[in-house]
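Below are the chains, spelled out letter by letter.
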Amino acid sequence: MSFDQASPLQSRSFWQHAYGEYSPNSPLAEDLKVDVAIVGGGFTGLNTAWQFKKDNPNARVVVLEAAIIGFGASGRNAGFSTKMFGLEPEVVLLRWGKQKMIDAHHYLKLAVAHTKHLIEDNGFQSDYEHRGLVRATYTKQQLGRMQKTYELFQNLGIDEDMVWRGAEQFRQDFHSERFAGGIYESNTGYLNPCKQVRALKSLAESAGVSIYETTPVTKIERTSSAIVVTTPNGKITSDKLVIATNAYTRQVPGPQRLRSRQYPLWTYQIVTEPLSDAQWDSIGWKERQSFGDNRQMLHYFRPTTDGRIIMGGGDVIPYRTGAKEEIPAPAAWQHCEEHLKWIYPQLKNIRIDYRWGGPVSVTMDAAPEISFIEDERMIYSGGCFGHGVALTHLNGRTIADLLEGKKTELTEFWIVNRKSLSMSSDTLSFLGGGVARGALKAWDWWEERSLKGGRVETAVVGR
Ligand SMILES: Cc1cc2nc3c(=O)[nH]c(=O)nc-3n(C[C@H](O)[C@H](O)[C@H](O)COP(=O)(O)OP(=O)(O)OC[C@H]3O[C@@H](n4cnc5c(N)ncnc54)[C@H](O)[C@@H]3O)c2cc1C
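Just so you know, these numbers come straight off a predicted model, no measurement behind them.

Draft legend 1. Examining the packing of helix α2 (residues 43–55) against helix α6 (residues 193–207) more closely. The N-to-C vectors of α2 and α6 enclose an angle of 25 degrees; their axes lie 9 Å apart at closest approach. When the axes of α2 and α6 are compared, the pair comes out roughly parallel. When you trace α2 past α6, the crossing you get is left-handed. Packed against α2, whose contacting residues are F43, L46, N47, W50 and K53, the element α6 presents P193, Q196, V197, L200, K201, L203, A204 and A207 at the interface. Across the contact of α2 with α6, the residue classes tally to 9 nonpolar, 2 polar and 2 charged.

Written out as structure tokens, the structure reads:
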């Protein structure tokens, strides 16, 4: 499905579907002069807009969104507000070293707290639950690797809310024979991303931010005195510009340096019908935590407030067509359903009510970034991998500080103005993504070869 003005309401995530009818704001239909323009109406764009406007009530701030608010990852994600960062912890350690890993942990810890306070202080009805995260394993090999991860967290002193639990405890807590053990982490939460993004929209608008939806930015030009942003029916002349387009950034018109900073990979999700009380009793899971396993092709799952289970992941798919295309992935959805039912045979007859997917933004060097592009008038943020919910909320505060020219503890975080490795060619990035995906899938196969009658490996072919 193409990313045009007709599609945003058709290509919806479960959250958007469940939320019901939505009337987007009118598109930009005039020329305006503003202080700050923001391209992209997801968590990054809306948080930045609100934070900056709150600090500068007289500033003129606009958000330009090509589709509808939350059309991108912010309206499609699983809603985990976690301290996870970049790729696997071991990869981050290898590439960035101990101190940067510790700093990233502290930034993400702050991000989870910041997101929770934002929700509570502003009375958001976004179903936030601070219920913790379980990092699970299925095999001896995965368990050994998870134990090393836990030791790493302990050695770095970043294990403050974590406890180790063995297979027996998992069996008692989750009534499943499939878990080999893992980590229970208490200081994380989850939310309903569509409710969150729309609450952010209202908050920003109530502060005086102007939000234009179905307004794609088609051209970005720099002059010595301003940045000029073109949309189909109006131009914005702005002192500063924030590019908050995440996995869509390759298709944003602008400097090549901007387009080659990240690559989109798609992850897919399913949601069950609401479970009955008896079904919930049959699977335990009384604390209703969120879950992530430590496969290379991670699965993530969580309950919803209306008693469903969301299951996602098991694969990430590069597409040659770019992030704007909506590409159904029946094999990925089937894999998610089989995986859920493999963990919980008790739910073998459960109905799957909805299936969807979305692009995450990945960088070559395993970490996100917030960077000035060419000079301090243009700021880009991206590369959040699948861990951008809490991160983008705090990044909004960080970007607002950068826009104001402030030097704060947040703007000193090492992802700010780091130089990410360039991925200039679409074809090479696509091929590289395919090779990496194949290698990671082989790794999972090797670690799970002992699982007799286990998951069926899917054969999703990237396009
Ligand atoms: C399926 C899925 C599950 C995920 N699960 C989790 C999770 O549980 N926890 C977690 O922490 N993270 C998760 N993530 C990642 C997280 O959702 C993202 O990191 C985060 O939402 C990124 O927010 P953003 O505002 O930077 O980008 P987005 O929400 O992608 O917003 C970018 C916006 O830019 C707009 N845009 C693009 N081009 C233009 C243009 N030319 N003009 C105007 N607007 C434009 C797009 O329409 C889009 O709305 C998940 C992601 C996906 C896809």
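Draft legend 2. Fine view of unusual backbone geometry. Of note, H175 is a non-glycine position whose phi angle comes to about 50 degrees, a positive value. Summarising the element assignment, H175 is placed in the loop between α5 (167–174) and β6 (181–185). The partly exposed category is assigned to H175, whose relative accessible area is 34%.

Draft legend 3. Highlighting the packing of aromatic side chains. For the coordinates displayed, the defined rule picks out 30 aromatic pairs. With 4.1 Å between their ring centres and 15 degrees between their planes, Y107 and F413 make a pair best called stacked. You can see Y107 sitting in helix α3 (residues 89–121) and its partner F413 sitting in the loop between α10 (389–403) and α11 (426–447), a full 306 residues away along the chain. As far as the burial class goes, Y107 and F413 line up, both buried. Three or more aromatic residues link up through ring pairs in this structure, and these residues are Y138, F170, F174, F179, Y184, W280, W285, F291, F301, W342 and Y344. Across from the ring centre of Y184, 5.6 Å away, lies the NZ or CZ of R165, which sits over that ring. In this arrangement the basic side chain of R288 is found over the ring face of W280, its NZ or CZ atom lying 3.9 Å from the centre.

Draft legend 4. Local environment of the site of the ligand. Near the ligand there are 39 residues, and of these T44, E65, S74, G386 and V389 occur at the shortest range. Interatomic distance of 3.1 Å between a side-chain N/O atom of N77 and an oxygen atom of the ligand. A distance of 2.9 Å is found between a nitrogen atom of the ligand and a backbone nitrogen or oxygen belonging to F80. Relative to its unbound accessible surface of 1000 Å², the ligand loses 98% to contact with the protein. Elements with a minimum of two residues in the shell around the ligand: α2, β12 (263–272), β16 (352–362) and α10. The element contributing the most residues to the shell around the ligand is β16, with 3 residues. For the shell around the ligand, the class distribution of residues is 19 nonpolar, 18 polar and 2 charged. Both domain 1 (1–129 + 192–262 + 365–424) and domain 2 (133–186 + 263–362 + 430–463) contribute no fewer than three residues apiece to the shell around the ligand.

Draft legend 5. Main features of the side chain of D365. For D365, the location among the structural elements is in the loop between β16 and β17 (369–373). D365 sits in the buried class, given a relative accessible area of 2%. Discounting chain neighbours no more than four positions away, the residues touching D365 are R95, W96, R418, K419, S420 and L421.

Draft legend 6. A look at the pattern of salt bridges. Throughout the structure, instances matching the rule amount to 35 salt bridges. In this structure, E160 engages K109 in a salt bridge whose closest nitrogen and oxygen atoms are separated by 3.2 Å. Here E160, found in the loop between α4 (140–156) and β5 (162–166), pairs with K109, found in helix α3; they are 51 residues apart in sequence, far enough to count as distant. Here E160 falls in the partly exposed class, since its relative accessible area comes to 43%.

Draft legend 7. Summary view of the nonpolar core. Core analysis: the largest hydrophobic core is formed by 66 residues, its most contacted members being I38, F85, Y107, I370 and W414. Mapped by element, the contributors of at least two residues to this core are β1 (32–39), α2, β2 (61–64), α3, α4, α6, β17 and α10. Among the elements that line this core, the one with the most residues is α3, at 11 residues. Discounting residues that sit within four places of it in the chain, W414 has contacts with F85, W96, K100, D103, A104 and A367. Judged by nonpolar contacts, the second largest core, of 32 residues, contains V134, F179, I317 and I352.

Draft legend 8. Summary view of the sheet that holds strand β4 (residues 133–137). Spatial ordering of the open sheet is given by β5-β6-β4-β13-β14-β15-β12-β16, a layout of 8 strands whose pairing is mixed. Single-partner strands in this sheet number two, and they are β5 and β16. Taking the axes of each pair of neighbouring strands and ignoring which way they run, one obtains an average angle of 20 degrees across the sheet. Examined bridge by bridge, strand β14 (residues 299–303) and strand β15 (residues 309–313) share 5 bridges and lie antiparallel to one another. Counted as the bridge partner of F301 is M311 from β15.

The rules we used
- Residues numbered from 1 in each chain as written.
- Predicted model: local features only at pLDDT ≥ 70, side-chain atom pairs only at ≥ 80, totals over all residues.
- Heavy atoms only, no water.
- Axes fitted to C-alpha atoms, helices over the stretch in contact; angles between N-to-C directions.
- Helix = DSSP H or I, 4+ residues; strand = E, 2+ residues; numbered from the N terminus.
- Parallel < 35°, antiparallel > 145°, perpendicular 65-115°, else oblique.
- Left-handed = near helix turned anticlockwise from the far one by under 90°.
- Contact = heavy atoms within 4.5 Å.
- Nonpolar A, V, L, I, M, F, W, Y, C, P; charged D, E, K, R; others polar.
- Buried < 20%, exposed > 50% of the residue type's maximum accessible area, 1.4 Å probe, protein only.
- Phe/Tyr/Trp six-rings, centres within 6.5 Å; stacked < 30°, edge-to-face > 60°.
- Lys NZ or Arg CZ within 6 Å of the ring centre and 35° of its normal.
- Near = heavy atom within 4 Å.
- Polar contact = N/O pair within 3.5 Å; in protein donor to acceptor, adjacent residues only side chain to side chain.
- Areas by Shrake-Rupley, 256 points an atom, 1.4 Å probe, with all protein chains shown as cover.
- Domains from an automatic or database assignment.
- Salt bridge = Lys/Arg side-chain N within 4 Å of Asp/Glu carboxyl O.
- Core = buried A, V, L, I, M, F, W, Y, C linked by side-chain atoms within 4.5 Å.
- Pairing = 2+ DSSP bridges.

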